[in-house]
There are 2 protein chains.
Amino acid sequence: MTDLSSEMFKVVAPERRGTTSEEVVIQLREMIHRGELRPGDRLPPERDLAKLLGVSRPTLRAGIRSLAAVGVLQSRQGAGTFVVQSDGPPTLDSSPLRLMASLHGFTSNEMFEARRALEMAVAGLAAERATGEQMATMAEEIAGMYASLDNPEQYLVHDMRFHQTVAAASGNRILTALMNMVAKVLFDARIKTVKRAQDLKQSAEMHRVIYRAIREHNPEAARIAMRDHLVGAQQAWELEDDGADPLLAATNSGNNGGGARPTL
Amino acid sequence: MTDLSSEMFKVVAPERRGTTSEEVVIQLREMIHRGELRPGDRLPPERDLAKLLGVSRPTLRAGIRSLAAVGVLQSRQGAGTFVVQSDGPPTLDSSPLRLMASLHGFTSNEMFEARRALEMAVAGLAAERATGEQMATMAEEIAGMYASLDNPEQYLVHDMRFHQTVAAASGNRILTALMNMVAKVLFDARIKTVKRAQDLKQSAEMHRVIYRAIREHNPEAARIAMRDHLVGAQQAWELEDDGADPLLAATNSGNNGGGARPTL
DNA sequence: CGCCTCACATTGGTCAAACCTCTGTCGCGC
DNA sequence: GCGCGACAGAGGTTTGACCAATGTGAGGCG
């Protein structure tokens, strides 16, 4: 029934002739692939670019918006449209993952398992490649954890930064981006329950174990330590949580007119 | 700066929370998170929905387009706008990854390493959880590989499907989606050079090793076998390639004006 | 009676023109 | 020299209209 070709090419691929705005997206993508647009660059004004590409401004805007939605472009009213310039490592937007989680009913266990796989991989690589400076940063974040054992929210910040440092030390920006993508979903869910967190001291200890394994350039030990840490983190999170699955109740803003808070 | 009077008068008016179209995106996301929109559902007509949300149609379209860009919605002219209904496992669009690769100059080695990490993880999980049916599918794909040793392009299809089956057998849809995301970038790059492929027989043998490890429920052996296979695949790919980095020259035109085989 | 075909209503896609708000800069005045 | 305000330029939004693809149902033909 499923013949060979249908499965593979069934990407988001348009039909014989994509829409005009799809064409715009392709044009802009090509410009990026060809290197004509580099991070930080500013695109021509919409009115000019529309004329340049031979489309109307709304159509061009539709294309720009598509690329902005995936985090490649960023428009600032009154300033212009820019190719995203990330100071740190490149990032992938986590909202698609969050939406997929809602649409297909991902469990938090599934999400944790994915994170575990990614973090174990980066931990192993980090043990092989971490520079002295990166290890110093890890140590500082661990110190920050110990210093904020009585402040769960601040602890969580150090926690997250430690993991990001480990990821950076892996030297693989793709794995780093994927890990951050998954971790951010869990982070956003946990920041609401972390006030009830217990055993932060134990968590900090486990980070030290990870750190030591990386410092000793022992990939396998780093993987094991990271696994144990994340298993513990998942258990802690499940204790904090009251049963409802926060993955399904991400960012809630009051419906129209309400005074919603952008961030906590 | 903090002018209180304006604070009082902002009712439903656009707040500093972002642009109006972003508000639309948030509203639609909320509807998905709350479960009001399920995969396959059809959204109300744009004109109605625009009135419902209290925005103009172009603004609504901008929001819809943002969600369509991340693969959550899909619009079909004359039919309507639908929440994406994926038959198989959920998928994440790989174009953001491709764009990131171009923007930040990802090397193919980095991409292969990421794939290796993901595939090793899913192979290990698959060895623990694969069902009989899934293992049967794997065996069939391997048979397909042997049957197409003289047809590199067809071989590649079986190759990819084997890996997808392994991913499905891992039981983790998030890891599966991430793996496909990375694999697709490499796949699109390789399909151009695969005509020169050598040692397909050896590649098929390595797939059999992976299969046997999974069949014997030996996670560690599956991980090792997958690693060896992908290391070999990377070496083969580097031999096929003439030096230029195809990651930077990814094309997305599905048309087969050149030498692409529609039936493949 | 059943199937096929064509026309029409519905829906998304595109375009045009206009106005608003925000940003950055340049020049005037102190 | 410094600061503030006016101005031009940028993206954001709206209205209104028309085009193109789709889906469906009514009518005719076999």
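As a reminder, the structure under discussion sits directly above these lines.
In what follows, the accompanying structure is described. As the structure is a prediction and not an experimental result, all values here were calculated from the model.

Cut-offs used in this document
Residues numbered from 1 in each chain as written. Chains lettered and ligands numbered in written order. Predicted model: local features only at pLDDT ≥ 70, side-chain atom pairs only at ≥ 80, totals over all residues. Heavy atoms only, no water. Helix = DSSP H or I, 4+ residues; strand = E, 2+ residues; numbered from the N terminus. Buried < 20%, exposed > 50% of the residue type's maximum accessible area, 1.4 Å probe, protein only. Contact = heavy atoms within 4.5 Å. Areas by Shrake-Rupley, 256 points an atom, 1.4 Å probe, with all protein chains shown as cover. Least-squares fit on C-alpha atoms with pLDDT ≥ 70 in both. 1 Å grid on protein atoms, 1.4 Å probe; cavity = no way out; pocket = protein on both sides within 12 Å on 5 of 7 lines; lining within 4 Å. Points joined across faces, edges and corners; volume = space filled by probe spheres on them. Near = heavy atom within 4 Å. Polar contact = N/O pair within 3.5 Å; in protein donor to acceptor, adjacent residues only side chain to side chain. Nonpolar A, V, L, I, M, F, W, Y, C, P; charged D, E, K, R; others polar. Buried area = accessible area lost by both parts, 1.4 Å probe. Salt bridge = Lys/Arg side-chain N within 4 Å of Asp/Glu carboxyl O. Phe/Tyr/Trp six-rings, centres within 6.5 Å; stacked < 30°, edge-to-face > 60°.

A count of helices and strands for chain A gives eleven helices and two strands. Going from the N terminus to the C terminus, chain A shows its helices and strands as α-α-α-α-β-β-α-α-α-α-α-α-α. Every one of the 264 residues in chain A was classed for burial, and the buried ones make up 48%. Counting only contacts in chain A whose residues sit at least 6 apart along the sequence, the fraction spanning at least 24 positions is 73%. Accessible surface, chain A as shown: approximately 13100 Å² in total, 50% of it carbon and sulfur.

This part covers the relation of the copies chain A and chain B. In the superposition of chain A on chain B (RMSD 0.1 Å, axial shift 0.0 Å), the rotation amounts to 180°. Taken together, the rotation angle and the small translation identify this as a two-fold axis. Every residue of chain A has its C-alpha some distance from the rotation axis, and the shortest such distance is that of Ser66 of chain A, at 2.7 Å. Residue by residue, 82% of the interface of chain A is reproduced at the interface of chain B, so both copies engage with the same surface.

A separate point is empty space enclosed by the protein. Applying the stated rule across the entire model yields three cavities of 30 Å³ or more. One number sums up the size of the largest cavity: a volume of about 120 Å³. Forming the boundary of the largest cavity are Ala69, Val70, Leu92, Asp93, Pro96 and Met181 of chain A together with Ala69, Val70, Leu92, Asp93, Pro96 and Met181 of chain B.

Taken together, 25 residues form the shell around DNA strand D, and within it Glu46 and Arg61 of chain A together with Thr20, Ser56 and Thr59 of chain B come nearest. The sugar-phosphate portion of DNA strand D accounts for 63% of its atoms within 4 Å of the protein, the bases making up the rest. Interatomic distance of 2.7 Å between a side-chain N/O atom of Ser56 of chain B and a phosphate oxygen of DNA strand D. Within the side chain of Arg76 of chain B, one N or O atom sits 3.2 Å away from a phosphate oxygen of DNA strand D. Secondary-structure elements contributing two or more residues to the surface near DNA strand D are α3 (46-53), α4 (57-69), β1 (73-76) and β2 (80-83) of chain A together with α2 (20-33) and α4 (57-69) of chain B.

A volume near 800 Å³ is recorded for the second largest pocket. As for the second largest pocket, its lining consists of 28 residues, of which Met120 and Arg223 of chain A together with Met120, Ala121 and Arg223 of chain B are closest to the centre. Sorting the residues of the lining of the second largest pocket by element identifies α6 (108-129) and α11 (219-240) of chain A together with α6 (108-129) and α11 (219-240) of chain B as the ones contributing at least two each. Taken together, the residues of the lining of the second largest pocket break down into twelve nonpolar, two polar and 14 charged.

So, about the protein's contact with DNA strand C. In the vicinity of DNA strand C lie 24 residues, with Thr20, Thr59 and Gln77 of chain A together with Glu46 and Arg61 of chain B positioned nearest. Counting only the atoms of DNA strand C within 4 Å of the protein, the fraction contributed by sugar and phosphate is 67%. Note that a phosphate oxygen of DNA strand C is positioned 3.1 Å from one of the backbone N or O atoms of Ser21 of chain A. Between Gly78 of chain B and DNA strand C, the recorded distance is 3.4 Å, taken from a backbone N or O atom to a base oxygen. Mapped by element, the contributors of at least two residues to the surface near DNA strand C are α2 (20-33) and α4 of chain A together with α3 (46-53), α4, β1 (73-76) and β2 (80-83) of chain B. Split by residue class, the surface near DNA strand C holds three nonpolar, twelve polar and nine charged.

Turning to the interface of chain A and chain B, a few remarks are in order. Contacts between the two partners involve 68 residues from chain A and, on the opposite side, 70 residues from chain B. Note on chain A versus chain B: buried area summed over both sides is about 6000 Å², and carbon and sulfur give 64% of it. Put simply, chain A and chain B have four salt bridges between them. Between chain A and chain B we count 16 residue pairs in polar contact (both at pLDDT 80 or more) in total. Class assignment for the residues of the side of chain A that touches chain B results in 38 nonpolar, 19 polar and eleven charged.

So, about the packing of aromatic side chains. All names here are of chain A. Counted under the stated rule, the structure contains two aromatic pairs over all chains. Here Phe112 and Trp237 contribute two aromatic rings whose centre-to-centre distance is 5.9 Å and whose plane-to-plane angle is 55°, an arrangement assigned as tilted. Note that Phe112 is positioned in helix α6 and Trp237 in helix α11, a separation of 125 residues in sequence. This pair shows no difference in class: Phe112 is buried, exactly as Trp237 is.

What follows is about helix α5 (residues 95-104) of chain B. Of all ten residues in α5 of chain B, nine are buried, a share of seventy percent or more. Taken together, the buried positions of α5 of chain B are occupied by Ser95, Pro96, Leu97, Arg98, Leu99, Met100, Ala101, Ser102 and Leu103 of chain B. Buried residues belonging to α5 of chain B abut α2, α4, β2 and α9 (173-190) of chain A together with α6 and α9 (173-190) of chain B.

All names here are of chain A. The backbone phi angle of His217 is positive, close to 55°, even though this residue is not glycine. Mapped onto the elements, His217 comes out in the loop between α10 (200-215) and α11. Since its relative accessible area comes to 43%, His217 is described here as partly exposed.

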